[in-house]
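Descriptive analysis of the structure
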Amino acid sequence: MSETESIIHDVIILGSGCAGLTAAIYTGRANLKPLVIEGTQPGGQLTTTSEVENFPGFPDGVDGFMLMDGLRKQATRFETTFASDLIESVDLSGSVKVLKSSTKTYQTKSLIVATGASPRLIGIPGEKEMFGGKGVTTCATCDGAFYRDMDVAVIGGGDSACEEALFLTRFCSKVYLVHRRDELRASKIMADRAVNHEKIEMVWNTVPTSIEGDETGNVKSIKTRNTQDNSEGEIPLKGVFIAIGHVPNSKAFEGSLNLDDQGYFIPESGSQVRTNIPGVYVAGDCADHFYRQAITAAGMGCQAAIEAERWLAEQ
Ligand code: NAP
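Report on the accompanying structure. If you're wondering where the values come from, they're calculated on a predicted model, not measured in any experiment.

Moving on, we come to the site of the ligand. Lining the immediate environment of the ligand, one finds 18 residues, of which Asp159, Ser160, Arg180, Arg181 and Arg185 sit closest. At 3.4 Å, a side-chain N or O of Glu163 approaches a nitrogen atom of the ligand. One of the side-chain N or O atoms of Gln293 is found 3.3 Å from an oxygen atom in the ligand. Relative to its free-state accessible area of 920 Å², the ligand is covered by the protein chains to the extent of 79%.

This part is about the sheet that holds strand E16 (residues 232-236). Strands sit in the order E14-E15-E16 across an open sheet of three strands; the sheet is antiparallel. The open sheet has two free edges, formed respectively by strand E14 (206-213) and E16, since each of these has just one partner strand. Averaged over all pairs of adjacent strands, the angle between strand axes in this sheet comes to 25°, irrespective of strand direction. Relative to strand E15 (residues 219-226), E14 runs antiparallel, the two sharing seven bridges. Within E15, the position partnered with Thr206 by the bridge is Asn226.

Grouped together as the largest cluster of nonpolar side chains are 53 residues, with contacts concentrated most on Leu92, Leu99, Leu111, Ile112 and Phe253. Counting residues per element, the ones that place at least two in this core are strand E1 (3-14), helix H1 (18-29), strand E2 (35-37), helix H2 (64-77), strand E8 (104-113), strand E19 (280-282) and helix H6 (294-314). Considering every element that reaches this core, the biggest residue donor is H6, with eight residues. With near-sequence residues (within four places) excluded, Ile112 lies in contact with Val11, Ile12, Ile13, Leu14, Ala23, Thr27, Tyr281, Ala304, Ala305 and Ala308.

Calculation rules
Residues numbered from 1 in each chain as written. Predicted model: local features only at pLDDT ≥ 70, side-chain atom pairs only at ≥ 80, totals over all residues. Heavy atoms only, no water. Near = heavy atom within 4 Å. Polar contact = N/O pair within 3.5 Å; in protein donor to acceptor, adjacent residues only side chain to side chain. Areas by Shrake-Rupley, 256 points an atom, 1.4 Å probe, with all protein chains shown as cover. Pairing = 2+ DSSP bridges. Helix = DSSP H or I, 4+ residues; strand = E, 2+ residues; numbered from the N terminus. Axes fitted to C-alpha atoms, helices over the stretch in contact; angles between N-to-C directions. Core = buried A, V, L, I, M, F, W, Y, C linked by side-chain atoms within 4.5 Å. Buried < 20%, exposed > 50% of the residue type's maximum accessible area, 1.4 Å probe, protein only. Contact = heavy atoms within 4.5 Å.

Pasting the structure below:
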C-alpha cells in the first residue's frame, strides 16, 4: 500500500547529482525548503569518478565523491531534506504535481527533474550474465581494485573510457582500450594520456561481439570483430569495463513531458530548463546530450531553481 505524504511541498527535486544539489542550494537559500528525492545513485555519476580536473575553483583537481559530499552539506545547510526513494510514475496534470514510488506518494507545487543518466550497455551475449561480481562492470572507481595484476578491457572511445582505462592502470597489469573507430572521441588531453600510457594497449576499429565465461561463470575473454575487415578475434582477460555513454533517466515521464527519440527532455524554446508543463523544470544530463559536464549540470540546476522560485512567487 502506498502512503501519501500529507504535506504539499513548494519544490521537489528529483536527483542528487550536480544539477539536483545545485538546485537544492538555490531553492534552499530562497527559503523553499526543498525535498530532494535521491534515487538509486545518491550523489550521481560524479561519486563514481576518481578525480575531477575541470571543475572551476579546484586548481589541483577534486575527488568526485568529495565534491558531491560538499554540495550535499551545502544544500543541507539551507534546510534541504532528503528522501531515499525512486519515483516510478507521475501525474503532472493538476496544479499539485503527484509523484509515486512503490511505497510513497509525494505532492509538490513545483518540480525540478534532475534524474541524470545511466551507463549504456552494449547488448552482447555474456554482458548481462556476468554483470556485477563476475567481471563485467561500468565503474572502474568502484570495482578496479578487484582486478589487481590482471588484464582487463575498457570498451569505448570517449573521455569516460580514457578516464576508466587510466584509472585501471593503477591496479591492472594491462588495459586493452577497445574502440570501434581509429580515432578517440575523447578530449585531446585525455586521449594523449591514454594512447601514450605504457600499460594501455589500443585495440582500434574493434567491437566486442560476446563476453565469454569460464567454468565458474567469471569472465575469461572477449570475442571481437574488426569493423574494417570483419575479421574475428579473442582477447583473454578477467574484467570488462563498459564506457560507451549513457541513457537519460526519463522513463517515468513518458507521456507527461516532451522527450526526444533518445529519451532526453526537450526544453521549451528560449529556455534550457522549462518544460511543456508550467512549474516543472529539467536540469543536468537528463536534459543535455551535448555538453554533459559537471559544471553545465550545476548551471542548469541553478537556472531551474531560479525559474521555480519565480514561478512560485507569481502563483
Ligand atoms: P561519449 O562521449 O558519448 O562517448 C561514448 C563512446 O562510446 C564513443 O567513443 C562511442 O564511439 C562509443 N560507443 C557508443 N556506443 C557504442 C557501442 N554500441 N559499441 C561500441 N562503442 C560505442 O560518452 P562518455 O565518454 O561517457 O562522455 C560523456 C560526456 O561526459 C562527454 O561530454 C565527456 O566529455 C564528458 N566527460 C568528461 C570527462 C572529463 O572531462 N574528465 C570525463 C568523463 C566524461 P564513437 O566515438 O565511434 O561514437
